[in-house]
Amino acid sequence: MHDLESAIAIARAEFAKFGRSLDRVVQPDLTIEAMGLLALMTRAQGFHDGALQAVVSNNPYAAFPLVRCYAENAAVLLWVLEHPNDIGRLSAIAPQDQRFAIGRLVANAAKRAPGFKDVYEQLSEFTHPVASGFTQPFRAAPGADADAGFSWSSVPSFSSDDDKILACFWLVELTEMHANIWPRAYRSAMATGEIVGALSSPMAEVAPREEEDSSR
């Protein structure tokens, strides 16, 4: 990723490749477990697309929290891969005391995915109202003396293109994590779950987005 334009293009291309790979995996039959995993895929696309759009729109306050949500989605997938019977804990009707605790999911991912802990901590640092976000809206005013040389704006913006490229890099890394885990978790769910319905058109919404990306 040598410049912002290529970083955005690579992030888009990696997710499109992930989407294409699902065409070879998703089956028309549905199990409860498979429905949960397909829902996680929809969340992944929402977080990824939203974060990338925020990068393009120069809004770090949207980009980094959405990348963090994308990381948490990957952490859920990793847990479900190792504990397939826990997919029901994602349900809205799951008892409160059985729902996933995000801290436990993140800790599990940190143990099993090299680098996950450092990335997640950096994303949390920016997402929470602490030092990283405190200084973000201020800039040194050109030509001003050191005692009063700051400007402020309510309009969000990245400090530099380097931060935008970093967000894209994290998106690519997390997409690779999704692409590695999701198909295996899905196959496991289909092998052990009870069929409860059918999909009329698997992956119907992925192809149009890929075509849109390829035209840019």
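Residues numbered from 1 in each chain as written. Predicted model: local features only at pLDDT ≥ 70, side-chain atom pairs only at ≥ 80, totals over all residues. Heavy atoms only, no water.

Student: What am I meant to see in the overall build of the protein here?
Tutor: From N to C terminus, the protein includes 8 helices and 4 strands. Going residue by residue from the N terminus, the α and β elements of the protein occur as α-β-α-α-α-α-α-β-β-α-β-α. Relative to its 216 residues, the protein shows a buried fraction of 41%. Expressed as a percentage of contacts within the protein between residues at least 6 apart in sequence, the contacts between residues at least 24 apart total 76%. Total accessible area on the protein stands at roughly 11900 Å², and carbon and sulfur atoms take up 55% of it. (Helix = DSSP H or I, 4+ residues; strand = E, 2+ residues; numbered from the N terminus. Buried < 20%, exposed > 50% of the residue type's maximum accessible area, 1.4 Å probe, protein only. Contact = heavy atoms within 4.5 Å. Areas by Shrake-Rupley, 256 points an atom, 1.4 Å probe, with all protein chains shown as cover.)

Student: Is there a simple way to think about the nonpolar core in this case?
Tutor: One broad trend across soluble globular proteins is that nonpolar side chains are buried collectively. By size, the foremost hydrophobic cluster in this structure holds 59 residues, and its most contacted members are Leu37, Val55, Phe116, Met177, Trp182 and Tyr186. Mapped by element, the contributors of at least two residues to this core are α1 (4–22), α2 (32–56), α3 (60–82), α4 (102–112), α5 (116–127) and α7 (161–192). Counting residues per element, this core draws most heavily on α7, which supplies 14 residues. Not counting residues up to four positions away in its chain, the partners in contact with Val55 are Leu4, Ile8, Ala63, Phe158, Lys164, Ala167 and Cys168. (Core = buried A, V, L, I, M, F, W, Y, C linked by side-chain atoms within 4.5 Å.)

Student: Just to check I follow, could you spell out the packing of aromatic side chains for this structure?
Tutor: Aromatic ring pairs are defined here through the distance separating the ring centres and the angle between the ring planes. On inspection of all chains with the given rule, the structure shows 7 aromatic pairs. Arranged with centres 5.6 Å apart and planes meeting at 90°, the rings of Phe15 and Phe18 form a pair that is edge-to-face. In this pair, Phe15 and Phe18 both sit in helix α1, 3 residues apart, roughly one turn of the helix. Phe18 carries the same exposure label as Phe15, and that label is buried. (Phe/Tyr/Trp six-rings, centres within 6.5 Å; stacked < 30°, edge-to-face > 60°.)

Student: Could you clarify how one ought to interpret the side chain of Lys164 in this entry?
Tutor: Residue placement: Lys164 occurs in helix α7. Residue Lys164 is classed as buried on the basis of its relative accessible area of 11%. Looking at Lys164, its side chain comes within polar contact range of the side chain of Asn58, at 3.3 Å. (Polar contact = N/O pair within 3.5 Å; in protein donor to acceptor, adjacent residues only side chain to side chain.)

Student: Help me understand a nonpolar patch on the surface, please; the structure alone is not making it clear to me.
Tutor: Taken together, the side chains of Met1, Ile10 and Phe169 define a hydrophobic patch exposed on the protein surface, amounting to about 230 Å² of accessible area. Relative to the elements of secondary structure, Ile10 occurs in helix α1. (Patch = residues over 30% accessible without salt bridge, like charges linked within 9 Å, V, L, I, M, F, W, Y side chains within 5 Å. Salt bridge = Lys/Arg side-chain N within 4 Å of Asp/Glu carboxyl O.)

Student: Hey, could you run me through unusual backbone geometry in this one?
Tutor: Most peptide bonds take the trans configuration, and most residues that are not glycine carry a negative phi. In this model, Asn58 sits at a positive phi of 65°, which is unusual for a non-glycine residue. Along the chain, Asn58 falls in the loop between α2 and α3.

Student: Can you help me understand α2 in this one?
Tutor: With 25 residues, α2 should cover 36 Å at 1.5 Å per step; its first-to-last C-alpha distance of 36 Å lies within 8% of that length. At the C-terminal side of α2, Asn58 shows a positive phi close to 65°. (Expected span 1.5 Å × (residues − 1).)

Student: I keep staring at the pattern of salt bridges and nothing clicks. Help me out?
Tutor: Working definition: two side chains of opposite charge can pair if their charged atoms are close together. According to the stated counting rule, one finds 5 salt bridges in the structure shown. Residues Glu14 and Lys17 are paired through a salt bridge, measuring 3.5 Å at the closest nitrogen-oxygen approach. Within this pair, Glu14 and its partner Lys17 are both found in helix α1, separated by 3 residues, close to a single helical turn. By relative accessible area, which is 18% here, Glu14 ends up buried. Classification of Lys17 as partly exposed rests on a relative accessible area of 45%. Notably, a salt bridge pairs Asp161 with Lys164, separated by 3.8 Å at the nearest N-O pair.

Student: Just to check I follow, could you spell out α5 for this structure?
Tutor: Its 12 residues give α5 an end-to-end C-alpha distance of 16 Å, which sits within 8% of 16 Å, the value for a rise of 1.5 Å per residue. Buried residues of α5: Phe116, Val119, Tyr120, Leu123, Ser124 and Phe126, and no others. On an axial view of α5, the arc spanned by its buried residues comes to 160°, and they lie on one face. (Arc of directions from axis to C-beta.)

Student: Looking at this structure, how should I read the environment of Val196?
Tutor: Relative to the helices and strands, Val196 is located in strand β4 (residues 195–198). Val196 gets classed as partly exposed once you look at its relative accessible area, which sits at 48%. Between the C-alpha atoms of Val196 and Leu30, which are 166 residues apart in sequence, the distance is 5.8 Å. Apart from the residues lying within four places of it in its own chain, the contact partners of Val196 are Leu30, Thr31, Ile32 and Met35.

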